[in-house]
Amino acid sequence: MHQIEGAPRPLPGARYAILASRWNPRITDALVDGARAALLAHGVDDAAIDLVRVPGALELPLAARAIATGGRHQAAVALGCVVRGDTRHYEMVSDECARGLMQVSLDHGLPIGNGVLAVEQHADAQARAGGVHGNKGEEAALAALEMADLLHVLGAGRA
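Just so it is clear, the model here is predicted, and its values are computed rather than measured.

(A) Spotlight on the pairing of strand β2 (residues 49-54). Here strand β1 (residues 16-21) runs beside β2; their pairing, made up of six bridges, is parallel. Residue pairing in the sheet places Ile18 in a bridge with Leu51 of β2. This β-α-β element, β1 to helix α1 (residues 25-41) to β2, shows right-handed connectivity.

Pasting the structure below:
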């Protein structure tokens, strides 16, 4: 059996986008730092990384769609933090954000690492933004990088 895999390595001449919500900035900025550090550590040149800021998590899919249709980027990393409150709003925001990011990815063949945290409390977010559970921004960046390489290997990558 022949096994096909991607690797977390940059494609020659490729650009990568980090899309980040401005909501919960202390958490989101830590996720951005983790994503950027992971891309740099795996050979992506800093000049090949674009940081796109949006107001909140619900705006991430539209920004991802703009990145996808622009055709300049091989992959994107979406970062944000949604914390449960007293209303159902938390579920709507996190669910629709994830659904929208997946739809953009499937419709446009753009790998999108989803690093949008949906947590019960701020302490949960801190644990996942460089705390005891690592940095989910880093993990999302590595997933996006690997998927861009896999699509390239499969001949389905972006031109």
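(B) Structural view of the packing of helix α2 (residues 60-70) against helix α3 (residues 89-108). Between α2 and α3, the shortest axis-to-axis distance is 8 Å and the interhelical angle comes to 10°. On the basis of the axis angle, α2 is roughly parallel to α3. In this structure, α2 contributes Leu60, Pro61, Ala64, Arg65, Ala68 and Thr69 to the contact, and α3 contributes Glu96, Cys97, Gly100, Leu101, Val104 and His108. Within the contact of α2 with α3, the residues separate by chemical class into seven nonpolar, three polar and two charged.

(C) Up close: the sheet that holds β1. Sheet architecture is open: four strands sit in the order β2-β1-β3-β4, paired in parallel fashion. At either end of the open sheet lies a strand with only one pairing partner, and these are β2 and β4 (112-119). Within the sheet, the average angular offset between the axes of one strand and its neighbour, ignoring direction, is 15°. The pairing of β1 with strand β3 (residues 75-83) spans five bridges and is parallel. Paired with Ala20 across the bridge in β3 is Leu79.

(D) Representation of the nonpolar core. Counting residues in hydrophobic clusters, the biggest one holds 28 residues, and the most contacted among them are Tyr16, Leu39 and Leu79. Among the secondary structure elements, those contributing two or more residues to this core are β1, α1, β3, β4 and α5 (136-153). Those residues in contact with Leu79 that lie beyond four places of it in its chain are Ile18, Leu19, Ala20, Ser21, Thr28, Leu31, Val32, Ala35, Leu60, Gly115, Val116 and Gly137. Judged by nonpolar contacts, the second largest core, of 20 residues, contains Ala64, Tyr90, Val93 and Ile112.

(E) Structural detail: the state of the cysteines. Tallied over the full model, the rule gives zero disulfides. You can see Cys81 has no disulfide; the closest cysteine sulfur is in Cys97, sitting 11 Å from it. A relative accessible area of 2% means that Cys81 is categorised as buried. Accessibility expressed as a relative area gives 1% for Cys97, which makes it buried.

About the thresholds
- Residues numbered from 1 in each chain as written.
- Predicted model: local features only at pLDDT ≥ 70, side-chain atom pairs only at ≥ 80, totals over all residues.
- Heavy atoms only, no water.
- Pairing = 2+ DSSP bridges.
- Helix = DSSP H or I, 4+ residues; strand = E, 2+ residues; numbered from the N terminus.
- Right-handed = clockwise from strand over helix to strand, strands pointing away.
- Axes fitted to C-alpha atoms, helices over the stretch in contact; angles between N-to-C directions.
- Parallel < 35°, antiparallel > 145°, perpendicular 65-115°, else oblique.
- Contact = heavy atoms within 4.5 Å.
- Nonpolar A, V, L, I, M, F, W, Y, C, P; charged D, E, K, R; others polar.
- Core = buried A, V, L, I, M, F, W, Y, C linked by side-chain atoms within 4.5 Å.
- Buried < 20%, exposed > 50% of the residue type's maximum accessible area, 1.4 Å probe, protein only.
- Disulfide = S-S within 2.5 Å.

These figures capture arrangement, not role.
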